[in-house]
Each structure stands twice: as structure tokens, then as C-alpha cells.
Amino acid sequence: MAIYYYVNLNCPPREQLGEEPLFEGVRAAVMAREIRASFVAKYGPDVKPEQMRYRQRFTTPTGEEESRERTVADLQDDAALLEPLAPHCSGCLASITGHAYGCFGSVSLPISEKAERWLLSRIPKPGTKAGEFYRETAMERYGGHENLANWRKATFLESPKRLARHDMGDGDPVTSDQLLHAMFLVGDIAPAHALALLLFTQAIVADDNSTDKALEVIEQVEATGSNTGVSQLGFSLIPEEDDDRSILDLKLFLAGCFRAFSFEVPLAVWL
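Not measured: the values here are computed from a predicted model.

### Section: the overall build of the protein chain
Looking only at helices and strands, one finds 10 helices and nine strands in the protein chain. On C-alpha atoms alone, the protein chain measures out to a radius of gyration of 20 Å, which is about the 18 Å that the 2.2 N^0.38 rule sets for 271 residues. The C-alpha extent of the protein chain, read off along each of the three principal axes, is 55 × 40 × 40 Å. When burial is assessed residue by residue, the protein chain has 45% of its 271 residues classed as buried. Taking contacts inside the protein chain between residues at least 6 apart in sequence as the whole, the part at least 24 apart equals 68%. If you sum the accessible surface of the protein chain, you get close to 14300 Å²; carbon and sulfur atoms cover 49% of it. Between the averaged position of the 27 positive side-chain charges in the protein chain and that of its 40 negative side-chain charges there is a distance of 5 Å.

Shown next as C-alpha cells:
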């Protein structure tokens, strides 16, 4: 299971296929790659796609839960509609990965406790403009979504309880639930919200490598109505050797927020 997202920028593949068929095709391609990798790791490279079986759970129109057996070959067939239109992706600046349909991404579940701790550590410290911005806008607004408790019970989040930091001064602590709520449980992410997430996680910096300066640039843009200062902003998160899969997924998700913000379009989120 995964959380899927994409930079909602209009393009020839989306125009010709339609939004939902395009999404389903990309999701099938992602699932095929991941399931194939797990089979190859366990059984070796000679296992064939039609031998790689899994059970797909789904909800019927009447609300009943059912499942059916499928294969990686089935998924590859579902994704075949993407191939003729893949050349349109060449050089697309909306791509997060640089590959065809790289404007799509996914965050695999469960999200590791290590990644949740990493996410919590990204919240700016008090005494900084970005830290005060977080206190003013995020601490009361996010963190109480009932789905977070359900996710922990269902082990979609590896940690059985929310994680907290107590270094933000008086009052309630900052928690990992606040960022998880703001990232994945608000629906599609508008450009302004994407920008807030980038500031909350120190994923965006100005040309002097300062998060506070990045906030100053944004305030100037808002005050003047001119976007010229946005060119001073850059994405700061890069893969590290000790990153686990969940941390890499979260970094790519935030890269998607940066792409969407840059194009002034939403980042669509599908659960």
C-alpha cells in the first residue's frame, strides 16, 4: 500500500488519456516494479511476471471488501497504455525523478519510525523566523486528524504512538502527527500549502542557504506581488547514505511539493 501523488500540470499524456486512466496506469507501473523487485530478491531473476502473484483488495460499489488474485504481468498490461505517450515526458521540468512520468511519485506504507523522527527533526527551532512561522500556523491547525490514530492501529505508521519534541518553548510540544496531517490528510496540496510544507521541513532555502532568508523572500513576494525573488529559492534535501526507504520517499514527496509550487499548480494526493 502507498500514498500516491503527482504534479497536477496539464500535458499531452493527461489530455489524451484523462486524469484517472493516467493515474491508474502509473500506479500499475509502480506496483509492477515494486512487486517484481521483491520476487526477484526472494526467488532470483528467472521468475517470470506471470508467476509473480499477489492479492488485490478492493471495495465493491455496495461497500463490501473483496480480493482477487493478480500477477505482475496483469499490472504490466494495465501500464501498457503509458508507453506510446512516454516521449512527451522527455525534458519535462515537472519530473521529480527525471524518468518518464516522473511527475508521479509514491510514499510506501508503513512509514518507518526512523523517517518519522527525521521528519520531526526538520521542524525549525524556536528563535528562528521559520520556527515562529510553524508555531503560528501549524501547531493548532494540524495533528488531530482521526485517521492518524487509525493509521497507527493499522501499522501504516511503524511507530505505535506519535513522536514529540519539547524544545519549542512554553505550551504544547511539536509532534510528528502535525506534519503527517499537513502532508497527507488535507487533500490536494495548493501551491501556498506546498510552500508552507517546504518551510516547515527546511526543504527550501535562499541562495545564502538560509531558511529564514527563504521566508523573507516569500514575504517580499507576497508584499510586492512580484515573483522575481522566487528564483533565489532552491530545494535543499538530497539523498544520504543512511536514509531508509521511507526517508527517501518523504524527500521525493517534498521535491514534488517544490515542483508544484514552482509551476504554481497543486500537488494531487491519492490515498
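Next, the rest of the story.
### Points about the pattern of salt bridges
Inspection of every chain in the model, using the stated rule, returns 11 salt bridges. For the salt bridge of E132 with R135, the shortest nitrogen-to-oxygen distance reads 3.9 Å. Of this pair, E132 and R135 are both found in helix α5 (residues 129–137), three residues apart, which corresponds to roughly one turn of the helix. Classification of E132 by relative accessible area gives partly exposed; the value is 31%. On the basis of relative accessibility, which here comes to 28%, the residue R135 falls in the partly exposed class. Connected through shared salt-bridge partners, E34, R245 and D249 make up one network.

### Remarks on the layout of surface pockets
Counted as a void, the largest pocket has a volume near 780 Å³. Listed by contribution, the elements that provide at least two residues to the lining of the largest pocket are β1 (2–7), α2 (19–43), β2 (53–59) and α3 (72–79). Considering each element in turn, the lining of the largest pocket owes the most residues, nine residues, to α2. Split by residue class, the lining of the largest pocket holds 13 nonpolar, four polar and seven charged. Reported here for the second largest pocket is a volume of approximately 620 Å³. Of all elements in the fold, only β1, α2, α3, β4 (104–108) and α10 (245–263) reach the threshold of two or more residues within the lining of the second largest pocket. When residues of the lining of the second largest pocket are assigned to their parent elements, the largest contribution, five residues, is made by α2.

### Structural notes on the nonpolar core
One finds Y134, F184 and F253 to be the most contacted residues of the largest nonpolar core, which totals 83 residues. F253 has contacts with Y5, V107, M183, F184, I189, L267 and V269, leaving out every residue within four places of it along the chain.

### Some details on unusual backbone geometry
Of note, the bond from L109 into P110 is cis; its omega dihedral lies within 30 degrees of zero at 10°. Mapped onto the fold, P110 is located in the loop between β4 and α4 (113–121). Although it is not a glycine, T155 adopts a positive phi angle of roughly 60°. The topology assignment puts T155 in the loop between α6 (146–153) and β5 (164–165). Since its relative accessible area comes to 51%, T155 is described here as exposed. If you check the backbone angles, Q202 has positive phi at about 50° while not being a glycine.

### Topic: the packing of α5 against helix α8 (residues 191–200)
Where α5 meets α8, the closest approach of the two axes is 9 Å, and the angle between their N-to-C directions is 125°. Judged on the interaxial angle alone, α8 and α5 are oblique. Every pair of crossing elements has a handedness; the one defined by α5 and α8 is left-handed. Counting all contacts with α5, which are made through F133, Y134 and T137, the residues of α8 involved are A196, L199 and F200.

Parameters at a glance
- Residues numbered from 1 in each chain as written.
- Predicted model: local features only at pLDDT ≥ 70, side-chain atom pairs only at ≥ 80, totals over all residues.
- Heavy atoms only, no water.
- Helix = DSSP H or I, 4+ residues; strand = E, 2+ residues; numbered from the N terminus.
- Rg over C-alpha atoms; globule rule 2.2 N^0.38 Å.
- Buried < 20%, exposed > 50% of the residue type's maximum accessible area, 1.4 Å probe, protein only.
- Contact = heavy atoms within 4.5 Å.
- Areas by Shrake-Rupley, 256 points an atom, 1.4 Å probe, with all protein chains shown as cover.
- Lys, Arg positive; Asp, Glu negative; His and termini not counted.
- Charge placed at Lys NZ, Arg CZ, Asp CG, Glu CD.
- Salt bridge = Lys/Arg side-chain N within 4 Å of Asp/Glu carboxyl O.
- 1 Å grid on protein atoms, 1.4 Å probe; cavity = no way out; pocket = protein on both sides within 12 Å on 5 of 7 lines; lining within 4 Å.
- Points joined across faces, edges and corners; volume = space filled by probe spheres on them.
- Nonpolar A, V, L, I, M, F, W, Y, C, P; charged D, E, K, R; others polar.
- Core = buried A, V, L, I, M, F, W, Y, C linked by side-chain atoms within 4.5 Å.
- Axes fitted to C-alpha atoms, helices over the stretch in contact; angles between N-to-C directions.
- Parallel < 35°, antiparallel > 145°, perpendicular 65-115°, else oblique.
- Left-handed = near helix turned anticlockwise from the far one by under 90°.

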